[in-house]
Amino acid sequence: MLKKEKKSKIIKEHGLHEKDTGSADVQIGLLSQEIDSLVLHLKNHPKDLHSKRGLIKMVVKRKKLLNYLKDENEKRYKEVVKKVGLKK
């Protein structure tokens with residue numbers, strides 16, 4: 001789970017305007033950060049199957065959001081992929 005300061009930093013970085021918290025850009029950024037932290041957790045605890053299931057759900061949700069963004073606005077999609085550091 002992300003801390004409040006880190007979460008607000010990601011929202012400011014990816015948001016379309018000052019109070020944007022629900023756009024696909026912001027959700028992708030938040031999910032990517034949570035996925036990274038969960039991957040580190042799973043490297044130390046490989047038998048934690050409940051967390052592994054949660055990780056898979058987050059990856060699928062991020063993929064759906066990326067596909068939606070790609071269909072809606074190709075330019076924003078490329079910017080988000082570049083900011084987050086994904087290989088697309």
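The structure displayed is predicted, hence computed values, not measured ones.

(A) Looking closely at the pattern of salt bridges. Per the counting criterion, the structure on display carries one salt bridge. Note that aspartate 25 and arginine 76 form a salt bridge whose closest N and O atoms lie 2.9 Å from each other. Taken together, the residues aspartate 25 in helix H2 (residues 24–44) and arginine 76 in helix H4 (residues 74–84) connect sequence positions 51 residues apart. Note on aspartate 25: relative accessible area 4%, which makes it buried.

(B) Inspection of the nonpolar core at higher detail. The biggest cluster of nonpolar side chains holds 14 residues, and the ones touching the most others in it are Ile28, Leu55, Met58, Leu65, Leu66, Leu69 and Tyr77. Elements with a contribution of two residues or more to this core: H2, helix H3 (49–72) and H4. Here the element with the most residues in this core is H2; it accounts for six residues. Beyond its immediate stretch of four places on either side in the chain, leucine 65 contacts Ala24, Gln27, Ile28 and Leu31.

Rules used throughout
Residues numbered from 1 in each chain as written. Predicted model: local features only at pLDDT ≥ 70, side-chain atom pairs only at ≥ 80, totals over all residues. Heavy atoms only, no water. Salt bridge = Lys/Arg side-chain N within 4 Å of Asp/Glu carboxyl O. Helix = DSSP H or I, 4+ residues; strand = E, 2+ residues; numbered from the N terminus. Buried < 20%, exposed > 50% of the residue type's maximum accessible area, 1.4 Å probe, protein only. Core = buried A, V, L, I, M, F, W, Y, C linked by side-chain atoms within 4.5 Å. Contact = heavy atoms within 4.5 Å.

Interpretation note: all reported values are geometric properties and have no functional meaning in isolation.
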